[in-house]
Amino acid sequence: MEPPIFACCEELWEGILALWFNSTLELMSYWWHGSRQQLGRTVLTITTLPMLTCVDPRQLAPAQIERAQEVFQALKSESFLPANEAYRDARRQALDRVLLVDVLGLDPGIEPLLDHVRMQWCSEPTVHGGKKTAPK
């Protein structure tokens, strides 16, 4: 996982943004706003970028930013499966859990719901593009 390739107003925000942009929810946002000219692929134009959903680090408490930094340091050398395989990517699922529950403070009860949404999204033909790695 790499830090964002843009400059943040505060260097401390880079960790939370890198986590967010690698989360399933952001992958879904990217896919939703992108142009799907081929199955299994989506592209964004520069004018579409402001439409992406993003956590606002200005609204987070210092403890949340600190926790995000800890998580980023722990995960920054990890590799993730391609987006269409998020349903079976244990690392991405762990990232989602830590980001949503530990950092952002959402109820742990959200996990089964996110698992369901993740599976549904990965089952979408425009996401898996007919690859053999599509959910069965």
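Above this note sits the structure.
The present account deals with the structure reproduced in this document. What you see is a predicted model, and the numbers here were worked out from it, not measured in a lab.

Considering all chains together, one arrives at two aromatic pairs under this definition. Their ring planes at 55° and their centres at 6.3 Å tell us that Trp31 and Trp32 sit as a pair that is tilted. Residue Trp32 is classed as exposed on the basis of its relative accessible area of 60%. Ring geometry for Trp31 against Trp121: centres 6.3 Å apart, planes inclined by 80°, an arrangement best described as edge-to-face. On the criterion of sequence distance, the pair formed by Trp31 in helix 2 (residues 24-33) and Trp121 in helix 5 (residues 110-123) is long-range, its members being 90 residues apart. In this structure Trp121 comes out as buried when scored by relative accessible area, which is 7%. An aromatic cluster of three or more residues is present, and its members are Trp31, Trp32 and Trp121.

Before going further, it helps to examine the nonpolar core. One recurring pattern in soluble globular proteins: nonpolar side chains tend to sit buried together. Residues Ile16, Leu17, Leu19, Val55, Val71, Leu99 and Val103 are the most contacted members of the largest nonpolar core, which totals 21 residues. Elements supplying a minimum of two residues to this core: helix 1 (13-21), helix 3 (62-75) and helix 4 (90-103). Take this core: its biggest share by element is six residues, from helix 1. Leave out the neighbours within four places in its chain, and Val55 touches Ile16, Leu17, Trp20, Leu60 and Leu104. Within the second largest apolar cluster, eight residues are counted, among which are Met28, Trp31, Ala86 and Trp121.

This brings us to helix 4. For helix 4, built from 14 residues, the straight-helix expectation of 20 Å at 1.5 Å per residue is met to within 8% by its first-to-last C-alpha distance of 18 Å. All of the buried residues in helix 4 are Arg92, Gln93, Leu95, Asp96, Val98, Leu99, Leu100, Val101 and Val103. Residues of helix 4 that are buried sit in contact with helix 1, helix 2, helix 3 and helix 5. Where helix 4 begins, the side chain of Asp89 points an oxygen toward the backbone nitrogen of Arg91, at a separation of 3.1 Å. Following helix 4 by one or two positions, Gly105 has its phi on the positive side, about 80°.

This next bit is on the packing of helix 1 against helix 4. Their axes nearest at 9 Å, the elements helix 1 and helix 4 cross at an angle of 130°. By the criterion of interaxial angle, the relationship of helix 1 to helix 4 is oblique. Considering the relative orientation of helix 1 and helix 4, their crossing is left-handed. Of helix 4, the residues touching helix 1 (which contributes Ile16, Leu19 and Trp20) are Leu95, Leu99, Leu100 and Val103. Of the residues contributing to the contact of helix 1 with helix 4, the split by class is seven nonpolar, no polar and no charged.

The next subject is helix 5. Compared with the 20 Å implied by 1.5 Å per residue over 14 residues, the 20 Å span of helix 5 between its first and last C-alpha is a close match. Turning to helix 5, its buried residues are Leu114, Arg118, Trp121 and Cys122. Along helix 5, the residues classed as buried sweep out an arc of 90° about the axis, all on the same side. Facing away from the buried surface of helix 5 by more than 90 degrees, the exposed residues are Pro112 and Leu113. Where the residues of helix 5 are buried, they touch helix 2, helix 4 and helix 6 (125-128).

The rules we used
- Residues numbered from 1 in each chain as written.
- Predicted model: local features only at pLDDT ≥ 70, side-chain atom pairs only at ≥ 80, totals over all residues.
- Heavy atoms only, no water.
- Phe/Tyr/Trp six-rings, centres within 6.5 Å; stacked < 30°, edge-to-face > 60°.
- Buried < 20%, exposed > 50% of the residue type's maximum accessible area, 1.4 Å probe, protein only.
- Helix = DSSP H or I, 4+ residues; strand = E, 2+ residues; numbered from the N terminus.
- Core = buried A, V, L, I, M, F, W, Y, C linked by side-chain atoms within 4.5 Å.
- Contact = heavy atoms within 4.5 Å.
- Expected span 1.5 Å × (residues − 1).
- Polar contact = N/O pair within 3.5 Å; in protein donor to acceptor, adjacent residues only side chain to side chain.
- Axes fitted to C-alpha atoms, helices over the stretch in contact; angles between N-to-C directions.
- Parallel < 35°, antiparallel > 145°, perpendicular 65-115°, else oblique.
- Left-handed = near helix turned anticlockwise from the far one by under 90°.
- Nonpolar A, V, L, I, M, F, W, Y, C, P; charged D, E, K, R; others polar.
- Arc of directions from axis to C-beta.

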